[in-house]
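Report on the structure
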Protein chains: 2
Amino acid sequence: MPSYSIGVDLGGTNLRIAAVDQQGKLLEKIVLDTKVTLGRDHVVNDMCAAIQGLSAKIRGAGLLLGIGIGVPGIIDMETGMVRESPNLPDWADYPARPEIEKRLGARVILENDANAAALGEKWLGAAREFDDMGMLTLGTGVGGGLVLGGRIWRGMNGMANEFGHITVEPAGARCGCGNRGCLEAYASATAVVRMAHEAIAGGNAPGLARAAEKNGDFSAKVIHNLATQGDEQAKRIFQTVGKMLGIALSDLVNALNLPIYVVGGGVSGAWEVFSPYIFEELHQRSMVYAATAPDSSNGNREGASANVRPGGSSKTIITRASLGSDAGLYGAARLPMVVET
Amino acid sequence: MPSYSIGVDLGGTNLRIAAVDQQGKLLEKIVLDTKVTLGRDHVVNDMCAAIQGLSAKIRGAGLLLGIGIGVPGIIDMETGMVRESPNLPDWADYPARPEIEKRLGARVILENDANAAALGEKWLGAAREFDDMGMLTLGTGVGGGLVLGGRIWRGMNGMANEFGHITVEPAGARCGCGNRGCLEAYASATAVVRMAHEAIAGGNAPGLARAAEKNGDFSAKVIHNLATQGDEQAKRIFQTVGKMLGIALSDLVNALNLPIYVVGGGVSGAWEVFSPYIFEELHQRSMVYAATAPDSSNGNREGASANVRPGGSSKTIITRASLGSDAGLYGAARLPMVVET
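Residues numbered from 1 in each chain as written. Chains lettered and ligands numbered in written order. Predicted model: local features only at pLDDT ≥ 70, side-chain atom pairs only at ≥ 80, totals over all residues.

Residue and element names in this part refer to chain A. Counted residue by residue, strand 1 (residues 3-10) has seven buried out of eight residues, so it is predominantly covered. Here strand 1 pairs with strand 4 (residues 63-71) via six bridges, running parallel. The residue of strand 4 that forms the bridge with Ile6 is Ile67. Here strand 1 pairs with strand 2 (residues 14-21) via seven bridges, running antiparallel. The partner of Val8 across the bridge, within strand 2, is Ile17. (Buried ≥ 20, exposed ≤ 12 C-beta atoms within 10 Å, placed from the backbone. Helix = DSSP H or I, 4+ residues; strand = E, 2+ residues; numbered from the N terminus. Pairing = 2+ DSSP bridges.)

In C-alpha cells form, the structure reads like this:
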C-alpha cells in the first residue's frame, strides 16, 4: 500500500500544509495566513481543520504515516513541547505534540523549522546525494540546520545549529540576542534593511533613500533589486552579507569538513550578488576549503548548483538551496518517514 | 584472556609510547626524543624498536589488540597514509600504516593527534561520562577534536576539527595558515610568546622585557609564571587568550550544543589565569550557553573539573583537560579498541 505524510511549515506569517508521498511527490498543498494575533488556540484550530480537509481530499492516496510540523523555535523532542518561540510567543511551554495528536488521532512530530528545511534540502534538494550537510536559512533571522549521517543533529537539548549567532565581527553590530557581531546582524533580511537605513542616514545613498521613500514595504527584496540594477550602496550591502556569510561558513568548513553547505531562505534570492564574496572569504579563511574547493576547470563551478558529488574526490560544495521556500515544508513532511518514536 | 594495546604519541619533540589495558591501566611507558632531523626512516626505526622492546617486556600481559599512533597531521584513513604534517614534513604521502604493520606484524591505526587527545579525554579524562564532546588542544598550534556518538568525527576527508582556524578577529593577527585573526594566532603557545614580544616592542612591559632578556627559553610557561606573579602585561596577554577562546567556544556551543568542551595542551596550564575571560565571552555571545550554564549555586562551578553530568538537566560544561599531556597517548592506545577495520 502506498503511503504519504503531511508536512506543516508553521511560520509567523504563513501556515503552509502539504501532503507528500514517500517518493517526494507533492499530492496536495494549502497555504493559509497564520493568525498569530488571534492566539495559539486559533492557529491550532485552523491547522487541524486544514489538515483534516486535506486528508479527506486525498482519501485513497494510501496510509498516512504521520504529520511533521516545522516550528520556529526550540523543541523538546522528548515531550513534544515548544520550549521557546520568539515569533509565536504564546506557544512557549505548550505541549503541542500531544495536543495535536489528540485532536487528529495521528502521529505528530515537531521539529525546529531550520532543521526541517535542512532535511528537505537533504531529501529532495541541493544536498540530496549527501548524508552529511549543513544549511543556513537567511530569513527574518538566520537559522541553521545540520544533518549528520542522514539524521538531523539537535545537540544535547535541541539548541544546536544556531549558526546565525556565530560571531563574525566581535565588536560589530548589535544582534537581537544581546551579543555584538552575530552573523544574523549582517545576513538576515532584517539586517539588510537595517544596513540600508544606516547607509541612508550616512547621507550618501540616494538610490536607497528614494526607494525607502517610495516603498511602504522597503524590504530586502527591494534592496536586492537596486543592487541588481547597479546601485553601488545596495551592492555594498550585499558585499557585507557575502563577506559575513563567508566568515561563518569558513568556521563551519574548518570545524566540520562536510561535503555540502546549502544557503536558503528569502535573502538567498540575492545569491548571484553576494556569493562571490562568500568564496573570497572561504579561500582566505579556510585551508580546508582551499584544499577541497571545486575546480572550475572541470565544470564544478563554485556556487553552481551541484547535486552530484564531483567525480571521485572529496569536494566542499557551497550552493544555494534548490527547493526555495518549500524546503521546510518538504522537510516537515519527511519527518514521519525518518524519525523513530 | 586480558588484552591491551600500544599507544604512540608522535610529537615533533617527543616520541611517547605506552601499553595500556582495556580498563585504561598503564602497563608500561617509554619516552624518547623524536629525531626529526635524522629523517623519517630513522624515526620509524626508533619507534618500531621501542614498541618491540616494550612488547617483549610485558609478554604475558595478554592479547595485543593493535597499535594506535597519533600523528600531528592529516591522515587518509582509507589508505593509512599521512597526507600532510607540518612538523614532520618528510612524512607527507608516506604509507605509514602498511609500512609499520609490515614491520611489526600487528594491526596499526593512525589518527590525527588532536583527535587522539579528544578520544583520550573522552575515555579516561574530563569527558569520560559523555558520548559527545569537543576538545581544543593549545600547543605550538591549536588543535581540535570532536567525538560524536562516541566516535571521532573526521569529516568528509579527515580535515575536520580545525578549531584553531576559526576566525575570532576578522582583521586580526596573521596566522601561519595565511588567514588573519584565527584562534591559533591568539591562543597557541607561539601566539602567547608573539604577543609578549609585541608588548615588549610597545615599550611598556618592563617585566616581560626583563624575562625575555634573562631567559634563553622565553616561553609561554615563563609568561604564565609572570602573570601568576601579578605582572599586568603578562595578565593582559592571557586575557586575550581567554577572550579569543571564549569567542571560538561560543561559536562551537552555538553550532553544536554539546554537553562538554575540554581545553588541553601546554597553554591550558594557565587555565586559572585565562578561563574567567572564556566564561565572560560565553555569557555574552551564546544564548545556548546562557541557557545551559552550570549554576554556581549548586556546586557545578563554571570551569570546575566536572566529570559527572550535573543532576538531571542538560548543562554545558567547559573545563580543562584532566589527563594533561597524556591525553593523546591514552587516546592513541584506545584506537585499536574502538576503531573497526
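Comparison of the two chain copies shows a relationship of rotation about an axis with a shift along it. Note on the identical chains: chain A maps onto chain B by a rotation of 180° and an axial translation of 0.0 Å, with an RMSD of 0.0 Å. Read as a symmetry element, the transformation amounts to a two-fold axis. Measuring from the rotation axis to each C-alpha of chain A, the shortest distance belongs to Glu169 of chain A, at 3.3 Å. The fraction of interface residues of chain A whose copies in chain B are also interface residues reaches 100%, indicating that both copies meet through the same surface. (Least-squares fit on C-alpha atoms with pLDDT ≥ 70 in both. Contact = placed C-beta atoms within 7 Å.)

Let's shift gears to the sheet that holds strand 3 (residues 26-33) of chain B. Residues and elements named next belong to chain B. The five strands are arranged 3-2-1-4-7 in an open sheet whose pairing can be described as mixed. The sheet is open, and its two edges are formed by strand 3 and strand 7 (108-112), each paired on a single side. Strand-to-strand twist across the sheet, computed as the mean angle between neighbouring axes with direction ignored, equals 15°. Strands in contact with helix 11 (residues 327-338) are strand 1 (3-10), strand 2 (14-21), strand 4 (63-71) and strand 7; relative to strand 4, the strand with the most contacts, it is inclined by about 130°. (Axes fitted to C-alpha atoms, helices over the stretch in contact; angles between N-to-C directions.)

All names here are of chain A. Each assigned domain of chain A is listed here: domain 1 (3-121 + 327-338) and domain 2 (129-321). Distance between the C-alpha centres of domain 1 and domain 2: 27 Å. Listed per partner, the contact involves 13 residues of domain 1 and 16 residues of domain 2. Mapped onto the side of domain 1 that touches domain 2, the elements with two or more residues apiece are strand 5 (74-76) and helix 3 (113-124). When residues of the side of domain 1 that touches domain 2 are assigned to their parent elements, the largest contribution, seven residues, is made by helix 3. For the side of domain 1 that touches domain 2, the per-class residue count stands at eight nonpolar, one polar and four charged. (Domains from an automatic or database assignment. Nonpolar A, V, L, I, M, F, W, Y, C, P; charged D, E, K, R; others polar.)

Take the interface of chain A and chain B next. Taken together, the contact pairs 35 residues of chain A with 35 residues of chain B. Listed by contribution, the elements that provide at least two residues to the side of chain A that touches chain B are helix 8 (232-256), helix 9 (271-285) and helix 10 (287-292) of chain A. Sort the elements by how many residues they give to the side of chain A that touches chain B and helix 8 of chain A lands first, with seven residues. Of the residues in the side of chain A that touches chain B, the class split is 18 nonpolar, 13 polar and four charged.

What follows is about the pairing of strand 3 of chain B. All names here are of chain B. Pairing between strand 2 and strand 3: seven bridges, direction antiparallel. Among the inter-strand pairings, Leu15 is bridged to a residue of strand 3, identified as Leu32. Where strand 2 hands over to strand 3, the hairpin turn is made up of four residues, of which Gly24 adopts a positive phi near 90°.

Residue and element names in this part refer to chain A. Strand order in this open sheet of five strands is 10-9-8-11-12, and the pairing throughout is mixed. Among the strands making up the open sheet, the edge pair consists of strand 10 (151-152) and strand 12 (317-320). Taken together, the four bridges between strand 11 (residues 260-264) and strand 12 define a ladder with parallel strand orientation. Each bridged residue has a counterpart across the sheet, and for Val263 the counterpart in strand 12 is Arg320. In the packing of helix 8 onto the sheet, contacts are made with strand 8 (133-138), strand 11 and strand 12, and the angle to strand 11 comes to roughly 150°.

The subject of this paragraph is the packing of helix 6 (residues 206-214) of chain B against helix 7 (residues 220-228) of chain B. Residue and element names in this part refer to chain B. As a packed pair, helix 6 and helix 7 sit with axes 11 Å apart at the nearest point and diverge in direction by 140°. Considering the relative orientation of helix 6 and helix 7, their crossing is right-handed. Contacts between helix 6 and helix 7 involve Gly207, Leu208 and Ala211 from the first element and Val222, Ile223 and Leu226 from the second. Considering only residue class, the contact of helix 6 with helix 7 consists of five nonpolar, one polar and no charged. (Left-handed = near helix turned anticlockwise from the far one by under 90°.)

To continue, consider the packing of helix 8 of chain A against helix 9 of chain A. Residue and element names in this part refer to chain A. It is the contact of helix 8 with helix 9, at a shortest axis distance of 7 Å, that shows an interaxial angle of 40°. Here helix 9 runs oblique to helix 8, going by the angle between their axes. Considering how the two elements wind past one another, helix 8 and helix 9 form a crossing that is right-handed. In contact with Lys235, Phe238, Gln239, Val241, Gly242, Lys243, Leu245, Gly246, Ile247, Leu249, Ser250 and Val253 of helix 8, helix 9 contributes Val273, Phe274, Ser275, Pro276, Tyr277, Ile278, Glu280, Glu281, Leu282 and Arg285. Of the residues that constitute the contact of helix 8 with helix 9, the class distribution is twelve nonpolar, five polar and five charged. (Parallel < 35°, antiparallel > 145°, perpendicular 65-115°, else oblique.)

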